Amino acid sequence: MTRFRTLDDAGDLKGKRVLVRVDFNVPMDQGRVTDSTRIQRVLPTLHELVEAGARIVLLAHFGRPKGKPVPAESLRPIAEATARELGRPVAFAEDCVGETAAAAVAALKDGDVLMLENTRFHAGEEKNDPAFVEALAANGDVYVNEAFSAAHRAHASTEGLAHVLPAYAGRLMQAELDALTKGLEAPARPVVAIVGGSKVSTKIDLLKNLVAKVDALVIGGGMANTFLHAAGLGVGKSLCERDLAGTAQAIIEAAREKNCAIILPVDGVVAEEFKAGAPHHTYGVDAIPDTGMILDIGGLSVDRIAAAIDDARTLVWNGPVGAFEIAPFDQGTVAAARHAAARTKAGKLVSVAGGGDTVAALNHAGVSGDFTYISTAGGAFLEWLEGKPLPGVDALRQKA
């Protein structure tokens, strides 16, 4: 298992200019940050660097300005929000390279914090242009990556800098990498994965990778309907990608070859319309009415998932197993999530979850704090599960 360079390897940082790449692409409304979760999760690293006497220079992107300055996508209000969360001043420079940035960095004293303007205001950022990388690097002595959620992109500030400055994972990145290593790279076995969501088409690579790595794969949500259809079962008016029946069958065959058990719903909660409180009944998957839609898994399916979790030592979860956004079709996801949380709290399960809908579902179930680790990195988390290389992560690996 390859080790990553972390702050523990960085040595004395007093007086050093430390470029910290963060992902502060946070929700905004009328110029104010409405959810500061991403800022809060980086605070341990920032406090550690402040106490070490580093001169901290924050690099971040916001929105999609496409290489040109867009006033509405300035990081200035995010710098102000960061100062509030950090409990100390955060200076702001109106550019991330050039004389403006250099002057702001030169004014820093040990323990000071500065945020540079949106890196995506320059076309060289997303192009990973070497000249832009050098311009960014001119303001730092050390590079720290705290932006796992942007690590799947080979941009100047997420990957390029790691090749021209001494580079380390920050504490949030370190926690993410440790959790994902425990989830798939070096897990305690047996490993069970739960994959849900609406469509197979968005998770083909994920499913193909997981069947080669886990001992059992639970498939739920709308995507399970495609597998049921592929098995010759009627799914009524349920969401179903009928043209992917062959793909579903190929995944089942690959799982059989890898000795990975596929766990599909055996019953479903069915309604004739998709709305909160719609009349509903539970049917076996071999008896779904032609006019019905499967909107959640039934009690027997929940029991099967619970049994799989009981057998597991590691759980990886991506995607809800029902339409959790509206009652009563949230019950299957909530029940499975709470069972996994209870096993985790009892010390019997390592549970790693991630993806936007997954985080929302676990928050809805009230168990986010009980999982071993919940990743807020959408695309990067999914690409890791798919087995794809993450340039921003690979650049932090220790060389043999």
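The model shown is predicted, which means the values in this text are computed figures rather than measured ones.

Basis of the calculations
Residues numbered from 1 in each chain as written. Predicted model: local features only at pLDDT ≥ 70, side-chain atom pairs only at ≥ 80, totals over all residues. Heavy atoms only, no water. Helix = DSSP H or I, 4+ residues; strand = E, 2+ residues; numbered from the N terminus. Buried < 20%, exposed > 50% of the residue type's maximum accessible area, 1.4 Å probe, protein only. Contact = heavy atoms within 4.5 Å. Areas by Shrake-Rupley, 256 points an atom, 1.4 Å probe, with all protein chains shown as cover. UniProt positions renumbered as here; feature names shortened; annotations may be inferred. Domains from an automatic or database assignment. Buried area = accessible area lost by both parts, 1.4 Å probe. Salt bridge = Lys/Arg side-chain N within 4 Å of Asp/Glu carboxyl O. Polar contact = N/O pair within 3.5 Å; in protein donor to acceptor, adjacent residues only side chain to side chain. Nonpolar A, V, L, I, M, F, W, Y, C, P; charged D, E, K, R; others polar. Phe/Tyr/Trp six-rings, centres within 6.5 Å; stacked < 30°, edge-to-face > 60°. Arc of directions from axis to C-beta. Pairing = 2+ DSSP bridges. Axes fitted to C-alpha atoms, helices over the stretch in contact; angles between N-to-C directions.

Trainee: Explain the overall build of the protein to me, using residue names and the numbers behind them.
Mentor: Broken down by element type, the protein carries 15 helices and 17 strands. Once the C-alpha set of the protein is aligned to its principal axes, its extents read approximately 70 × 50 × 40 Å. Counting all 400 residues of the protein, 56% fall into the buried class. Here the contacts in the protein between residues at least 6 apart in sequence split such that 74% fall between residues at least 24 apart. Carbon and sulfur atoms form 50% of the exposed surface of the protein, whose accessible area is close to 16600 Å².

Trainee: Go over the UniProt feature "binding site: ATP" (unreviewed entry) in the protein, please, and point to the residues and values.
Mentor: Mapped onto this structure's residue numbering, the UniProt feature "binding site: ATP" (unreviewed entry) falls at Lys203, Glu325, Gly355, Gly356, Asp357 and Thr358. Relative to the helices and strands, glycine 356 resides in helix H13 (residues 356-365). The exposed category is assigned to glycine 356, whose relative accessible area is 56%. In this structure, threonine 358 sits in helix H13.

Trainee: Could you give an account of the domain arrangement of the protein, naming the residues involved and the relevant values?
Mentor: Where interface size is quoted, it is often the accessible area lost as the parts come together. Parsing the protein into structural domains produces domain 1 (7-174) and domain 2 (187-386). The distance between the C-alpha centroids of domain 1 and domain 2 comes to 37 Å. Of the residues lining the interface, six residues belong to domain 1; the matching set on domain 2 comes to nine residues. Summing both partners gives a buried area of about 650 Å² for domain 1 against domain 2, and 57% of it is carried by carbon and sulfur. The interface formed by domain 1 and domain 2 holds zero salt bridges in total. Summed over the shared surface of domain 1 and domain 2, the result is three residue pairs in polar contact (both at pLDDT 80 or more). Taken together, the residues of the side of domain 1 that touches domain 2 break down into two nonpolar, two polar and two charged.

Trainee: Explain the packing of aromatic side chains to me, and be specific about the residues and the numbers.
Mentor: This structure, assessed with the given rule, holds two aromatic pairs. Residues tryptophan 317 and phenylalanine 371 carry aromatic rings whose centres are separated by 6.2 Å and whose planes lie at 55° to one another, so their mutual orientation is tilted. Within this pair, whereas tryptophan 317 is found in strand S15 (residues 314-318), its partner phenylalanine 371 is found in the loop between H13 and strand S17 (373-375), the two being separated by 54 residues in sequence. Here phenylalanine 371 falls in the buried class, since its relative accessible area comes to 6%.

Trainee: Talk me through helix H4 (residues 98-106); I want residue IDs and the actual numbers.
Mentor: For H4, the full list of buried residues reads Ala101, Ala104 and Val105. Down the axis of H4, the buried side of the element spans an arc of 100°, and every buried residue falls inside it. Within H4, the exposed residues directed more than 90 degrees away from the buried face are Glu99 and Ala106. Its buried side turned inward, H4 meets strand S1 (17-21), strand S4 (55-59), strand S5 (91-93) and strand S6 (113-116).

Trainee: Describe the UniProt feature "binding site: substrate" (unreviewed entry) in the protein, naming the residues involved and giving the relevant values.
Mentor: Within this numbering scheme, the UniProt entry marks Asp23, Phe24, Asn25, Arg38, His61, Phe62, Gly63, Arg64, Arg120 and Arg153 as carrying the feature "binding site: substrate" (unreviewed entry). Along the chain, the position of arginine 38 falls in helix H1 (residues 37-40). Under the relative-accessibility criterion, arginine 38 is labelled partly exposed at 25%. If near-sequence neighbours (up to four positions away) are discounted, arginine 38 is found in contact with Asp23, Phe24, Asn25, Val26, Ser149 and Thr376.

Trainee: Got a sec to walk through the sheet that holds strand S9 (residues 191-195)? Specific residues and values, please.
Mentor: Across the sheet, which stays open at both edges, the six strands sit in the order S11-S10-S9-S15-S16-S17 with parallel pairing between neighbours. This sheet does not close on itself; its edge strands, each paired only once, are strand S11 (261-263) and S17. On average, each strand axis in the sheet is inclined to that of its neighbour by 15°, with strand direction left out of account.

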